[in-house]
Amino acid sequence: MKRNQTRRLTAMMGAVSFVLMYFSFSVPVLSPFASFDLSALPDLIGGFVLGPVGAVEIIAVKVLLKLVFKGTSSMFTGEIQKFLLCTAYALPAVLYYQKHRTKRGAVVGLLLGSVAGVIVAILTNVFLIFPAYMALYGMDWAAIVQMCTAVNPWITNVPTMVAFSIVPFNVISFGVTSILAMLLYKKISVPLKKFALVG
């Protein structure tokens, strides 16, 4: 594809990804903080069509649109985490699939992306999101853990919060997105390429 064609598809997929952020729901048994959405799905599918640079550009468009239309309530830490998480998830999947364009290659790539995404989720939550949340609202780790314990009694400290909240939530989130990507990619990749070539 020519550059203007890839930009058209990048813009569309970024906009779709942004809209999907509005359709989110919480999973209170795992976390009183996190909400699940499917906004990473266009990142993946667009990345499979456009390559790794396209995937990162789609994620950037999504985050920028969020900032323009909704602003930030977390001193930009939420937006930074969203960019890092989505990039960590999409890039390994897209890069591996580029070299192994088979169903098995897609599965392996999505597994690699999911593992990378979970690792980044742990790091960003423990060292970025929760510290920023505590600074904004004058809380400490004890208060955060107590809120988590209220919905999940297995959570009693930061390590158990990681084990019984952050990890399972992100495994489920990336798992559902990966399954949908497997089901949808072949069906919509051709129409997406045709859309990019229009005009």
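Structure: above.
Residues numbered from 1 in each chain as written. Predicted model: local features only at pLDDT ≥ 70, side-chain atom pairs only at ≥ 80, totals over all residues. Heavy atoms only, no water.

Peer 1: Help me understand a nonpolar patch on the surface in this model?
Peer 2: A cluster of nonpolar residues, V19, Y22, F23, V68 and F69, forms a patch on the protein surface that exposes about 580 Å² of accessible area. Within the secondary structure layout, F69 lies in helix 3 (residues 52-70). The exposure class of F69 is exposed, given its relative accessible area of 57%. (Patch = residues over 30% accessible without salt bridge, like charges linked within 9 Å, V, L, I, M, F, W, Y side chains within 5 Å. Areas by Shrake-Rupley, 256 points an atom, 1.4 Å probe, with all protein chains shown as cover. Salt bridge = Lys/Arg side-chain N within 4 Å of Asp/Glu carboxyl O. Helix = DSSP H or I, 4+ residues; strand = E, 2+ residues; numbered from the N terminus. Buried < 20%, exposed > 50% of the residue type's maximum accessible area, 1.4 Å probe, protein only.)

Peer 1: Is there a simple way to explain the layout of surface pockets in this structure?
Peer 2: To find leftover empty space, one rolls a probe the size of a water molecule over the atoms. When its volume is computed, the largest pocket comes out at roughly 1,100 Å³. The wall of the largest pocket is formed by 39 residues, among which F33, A34, S35, G78 and Q81 lie closest to the centre. Among the residues making up the lining of the largest pocket, the classes are represented as 20 nonpolar, 14 polar and five charged. Every residue lining the second largest pocket is listed: F48, Y97, R101, T102, K103, A106, L110, A181, M182, Y185 and K186. (1 Å grid on protein atoms, 1.4 Å probe; cavity = no way out; pocket = protein on both sides within 12 Å on 5 of 7 lines; lining within 4 Å. Points joined across faces, edges and corners; volume = space filled by probe spheres on them. Nonpolar A, V, L, I, M, F, W, Y, C, P; charged D, E, K, R; others polar.)

Peer 1: Just checking my understanding: could you explain empty space enclosed by the protein for this structure?
Peer 2: Within this structure, the stated rule accounts for one cavity of 30 Å³ or more. The computed volume of the largest cavity comes to approximately 30 Å³. Grouping the amino acids of the lining of the largest cavity by side-chain chemistry returns five nonpolar, one polar and no charged.

Peer 1: What exactly am I supposed to notice about the nonpolar core here?
Peer 2: Nonpolar side chains in soluble globular proteins tend to end up buried together. L44, F48 and M161 are the most contacted members of the largest nonpolar core, which totals 39 residues. Those elements giving two or more residues to this core turn out to be helix 1 (3-20), helix 2 (40-50), helix 3, helix 4 (77-99), helix 5 (103-137), helix 6 (141-151) and helix 7 (158-197). Discounting chain neighbours no more than four positions away, the residues touching L44 are Y89, A90, A93, V94, L110, T177 and A181. (Core = buried A, V, L, I, M, F, W, Y, C linked by side-chain atoms within 4.5 Å. Contact = heavy atoms within 4.5 Å.)

Peer 1: What am I meant to see in the pattern of salt bridges here?
Peer 2: Once their charged atoms are close, side chains differing in charge can pair, the charge on each being opposite to the other. In total, this model carries three salt bridges according to the counting rule given. K62 serves as the salt-bridge partner of D43, at 2.7 Å between the closest nitrogen and oxygen. Here K62 lies in helix 3 and D43 lies in helix 2, a separation of 19 residues in the sequence. Each member of the pair, D43 as well as K62, carries the same accessibility label: buried. One salt bridge connects K66 with E79, and the closest N-O pair in it is separated by 2.5 Å. With K66 in helix 3 and E79 in helix 4, this pair connects stretches of sequence that are 13 residues apart. Note on accessibility: K66 and E79 belong to one class, buried.

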